[in-house]
Every structure is written in C-alpha cells, then in structure tokens.
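Listed here are the chains, written in short residue letters.
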Amino acid sequence: MTNPLRAAPDVRLQRIAGPCGIVLFGITGDLSKRKILPALYDLANRGLLPPSFSIIGVVRSPRENMLQTIEESIRNGAKTTVTDTTLKQVLSGVRIVVGAFDDPHTYAELGTTLDDVDSKRGTAGNFAFYLAIPPELFPTVLNGIGEAGLHQVTENTWRRVVIEKPFGHDLASAQALNDVVTRVFPADSVFRIDHYLGKETVQNILALRFANELYEPVWNSSHVDHVQITMAEDIGIGSRGGYYDGIGATRDIIQNHLLQLLALTAMEEPTSFSAHALQIEKEKILEATHFFGPVGESAVRAQYTEGWQGGRWVDAYREERGIPHDSMTDTYGALALGIETRRWSGVPFYLRAGKRLGRRVSEIAIVFKYPPFLPFPSTDGLGQNTLVIHVQPNEGVTFNVGSKVPGSSMRLRDITMDFAYGHAFTEYAPEPYERLILDVLLGEPPLFPQQKEIELSWKIIDQAEQAWAQSPETLDTYAPGSWGPRSADAMLRRFGHSWRRP
Ligand code: BG6
C-alpha cells in the first residue's frame, strides 16, 4: 500500500533567528553559566543566530574579567566544538550593564545600551529579556523594565520575556506573578520555560503516540494498569541551597516537569501542534487530575540523611551549606494521582522526584495489564508489558514483552525491544535550552507551558503542600543512594503496586 498520508508543507524548515539580542538578568548565575551561555554559543556555532546577535548581561555589582568568565562557561558547557571564530563572534556581541535591580538608573542605562547595540550591531530593536534570577526578584525586574518602557515595541520590532521556573510558589503567588508580568508584557510575549519540554525524548512522546497506529488503541484504562513517572538525581543540593530550601522536590520538579510529562502522556490528540491546540488538551488533563486516594494517603515527602553514596560519605540535607538544621524542605516527593476522564478513570499515575537517589534517571513507564487468560503451562518469568520512555540518560524507548525461551518446552520470559536514539539517528540533538531559546527568538510558543496549565498544576501541588504543612510529622527520611523513603513504598503497596527499579 502506498503512503496515503498528506501533511501540511513546513514553511519553517530554515529555523534561523533574525536580527536580535538577549538581555540576560543573572548572567553570572549558575543557570547562565551551565546552560544559557553554552546554548547561545551552540546556536551561533550552528549558524542559527545572526552575526549581529548580542548578549547584554545585567549584573548587580562590577565583575572583573566578565568576558573570560563567559568564555569559560562556553568552553565547559558547549556541546559543539568551540572554535576561535565563533567564540570571537559571540564575545564581540557581549555588553555588560552594572546596577541594582531596583534602581531606575540601571534600566535607563540598559535602554541606552540597547539603542547602542541596535545602531552599532544591527539588532533591529528586537530583544528577549531572560530572567535567570531568583524568583523573588522577578517582580522587581519586571517593574524596572516596565517603568523604563523597555518592553515597548515599534512596528516590526519585538520584545519578549523569558521566565524561569518555578513560576510562583503556590497558586496565589503564581497568579500574582502573572499579574505583574502581564502588566508589562502582552500574554503572547511571555515565555515560561520548562526545560523538560525542550528535551527530544519528551517531544517524542507525542510522535510515538500520534504518528503510530499501534499505541492509541491500548492507551487507556482497559489496557493500562498504571503509569510511573520518575525523575531521580544522584546529586545532593550542592551549592544551590539558597534557591532550593523552602522550595523542595515537589515544587521544583513535580509541579512543572513531571505534571507536564503526565499531561503529554495522558492527553487526547491535539488538532495540530500549535501552542493553542496543545494547551487545550494539556489543560483538560490537568483539570481532571486529582489525588488517587485521600491526599494524606496519596502524597509522600522525605529528606535525605547522611550516609555512603558512590563510595563516599555525604552529608544529610540539613547539614548542607546554607540549609537550616530544622529545615522541613522535601528532597523527595511522590504523588499518587488519578485522571477523571473516560480514558483514564481508575488508572493510578505515580509521580516521584528526588535528590540523592540510586542514580540519575528520568523515565515514563506505562505498565499494561496482564492478559485476561494465558494458555501456557507456566507463566513464571512473565511480567506485565511495560513501555518505558527513557527521557534520560540512554535516551530511547523500550518495550518489555513476553517471549518463548528457545527449547523444546513452552517456557516464557520477558524480553526487551529497544529503540536507542544513539543507534537510530545520526542527527544532532540540540540541548533543551538551545531548542527553547531559539523558539523564543523565533516567537514560537508550542513548547512553553501557558499560565492556565501552571495554575492547574499548582492547584494539585497546593493540596499536598497544605496537607504536609498540617502534619509535619509525616516528613520521612531516606538514605543517600537508596530509592526513597519507606513511606513511598507503603503508599504504592496500599494501591496494590510497587515502584519500578529504573
Ligand atoms: C531543574 C531543577 O529544573 O532541573 C534542578 O531546578 C534539577 O533541581 C534539574 O537538578 C535537572 O534537570 P535535568 O535536565 O538534568 O534532568
């Protein structure tokens, strides 16, 4: 049969940014050094930024050797080869503005600098303001930009704002922050970053589901037993205590990355891949998501203790630099959620995220039901069919299925069908920040969560956080290098399941 498929022509095959620049608040911070600056270099190196591209860093106090620091960040973090030519091109577009974030003079000077790069480098008035700064500074900086009129556009120019997660601390603060943002920037100029949506494996969830005939007929409560979404890290909190304490794993990871993964896994087919069509379907899922049982029995949080991990002794969370000895912040969170729709009613979605766990792994496991009847003399060795989307590392998809063991008897065993990106594709896979920053510069919003999704996610998380605040004694502990606290195992047992060992 010939391929009867028809697709709309892609008019955006050449995804190259036009004249523009980026204003980076927090250029000396960890995120800029590790992710944003290397991503900008990689984009430039791949020819996706115009030669006039400029990076305007805003710093609170004068720093020596800024260009050297930027170069080091690029050399340490770039994915593509660092060449003198591209490095020189990128560094020649760097300008630094020094001033307090709450001082109007800082924004006046920033305005003068933007005019200057426009005339000297040809950025054509187009700028993205990237807020890679602690969340408590968002309102100050947004007001500064607004009062100085730096958000204002003339015909054929654009100004956009990029806001790092977490967007708010709970529902009320997310709404308040949105009021501040949208007082300055129109809604379609606001890009809220969730870097998980920039990962190839995460975008592939939709390709896997909607470009194939195989999965959709079984993608529902008649065939799916339960779903496990895991984001495990083996590192501790390191030098990020100032940011992390008071936020914790549930707000840092589950509220955004994992609920987005849940929405992509569970949503109906969108009518197109426009931001609007995707948003409609994700919202429907988040709106229908609730705790699988009473909140107190469907939500667990814990902190790592001291202990051995990877052959070395590591400190307990409460002993880490900058963390109060009585901190109640969770370094592990796990939720049992359900989705009240015809497709999903009755199927638990288990979400867990934590630091200092057994190893670094993010995955989505769709665990199917056992067949209703098995005409085999023995079914020992036969597990449930499980489709695992390996978000990272070892990016790919595996499918566990039962198979006959070679030999003269009908013995069964699970085998794995594998798709590994490394084997299947030779194409360059951009880092999430590369992909998302380019989308901002091109003004393409499909991979950015919209405000309503963020608010719906907070509505879920707020219930867990409120239950925990009322019962401080429920804060459990777990050993470094383990797979989390006993209470998380007990939670799954109550629902008749157990955690996978990724
Ligand atoms: C960030 C969190 O969003 O994701 C960090 O704030 C976490 O705490 C990081 O370490 C992990 O990202 P990735 O892409 O390495 O899974």
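Look up a bit, the structure's there.
What should I look at first to understand the site of the ligand in this one?
The immediate surroundings of the ligand are formed by 14 residues, with Y196, K199, E233, D252 and Q392 found nearest. Between the ligand and the protein, one listed contact pairs an oxygen atom with a side-chain N or O atom of E233 at 2.5 Å. Contact distances for the ligand include 2.7 Å between an oxygen atom and a side-chain N or O atom of H257. Computed on the free molecule, the ligand has an accessible area of 390 Å², of which 84% lies beneath the protein chains in the complex. Here the shell around the ligand gets three residues from one element, more than from any other, and that element is helix α9 (residues 248–266). Among the residues making up the shell around the ligand, the classes are represented as four nonpolar, three polar and seven charged.

Would you mind showing me how to read the sheet that holds strand β1 (residues 21–25) here?
Two modes of strand pairing occur in sheets, parallel and antiparallel, and in both the strands are linked by backbone hydrogen bonds. One open sheet accounts for six strands, arranged β3-β2-β1-β4-β5-β6; its pairing is parallel. Taken across any chain shown, the strands that pair with only one partner, and hence form the sheet edges, are β3 (94–98) and β6 (190–192). Sheet twist, expressed as the mean angle between neighbouring strand axes with direction ignored, is 20°. The pairing of β1 with strand β4 (residues 127–131) spans five bridges and is parallel. Bridge pairing links F25 to L131 in β4. Where helix α5 (residues 138–147) meets the sheet, it contacts β1, β4 and β5 (159–163), and its direction lies at approximately 155° from that of β4.

Looking at this structure, I do not really get unusual backbone geometry. What am I missing?
Only a minority of non-glycine residues have a phi that is not negative, and only a minority of peptide bonds are not trans. With an omega dihedral of -5°, the bond running from K165 to P166 counts as a cis peptide bond. Summarising the element assignment, P166 is placed in the loop between β5 and α6 (171–184). Omega for the peptide link from Q392 to P393 comes to -15°, which places this bond in the cis form. Within the fold, P393 resides in the loop between β15 (386–392) and β16 (396–404).

What is the right way to read the pattern of salt bridges from this model?
Side-chain pairing between opposite charges can occur once the charged atoms of the two side chains come close. Scanning the entire structure with this criterion turns up 19 salt bridges. Measuring nitrogen to oxygen at the nearest pair gives 2.3 Å for the salt bridge that ties R15 to D439. Of this pair, R15 sits in the segment before β1 while D439 sits in helix α12 (residues 432–442), and the two are 424 residues apart along the sequence. One salt bridge connects E283 with K452, and the closest N-O pair in it is separated by 3.8 Å.

Basis of the calculations
Residues numbered from 1 in each chain as written. Predicted model: local features only at pLDDT ≥ 70, side-chain atom pairs only at ≥ 80, totals over all residues. Heavy atoms only, no water. Near = heavy atom within 4 Å. Polar contact = N/O pair within 3.5 Å; in protein donor to acceptor, adjacent residues only side chain to side chain. Areas by Shrake-Rupley, 256 points an atom, 1.4 Å probe, with all protein chains shown as cover. Helix = DSSP H or I, 4+ residues; strand = E, 2+ residues; numbered from the N terminus. Nonpolar A, V, L, I, M, F, W, Y, C, P; charged D, E, K, R; others polar. Pairing = 2+ DSSP bridges. Axes fitted to C-alpha atoms, helices over the stretch in contact; angles between N-to-C directions. Contact = heavy atoms within 4.5 Å. Salt bridge = Lys/Arg side-chain N within 4 Å of Asp/Glu carboxyl O.

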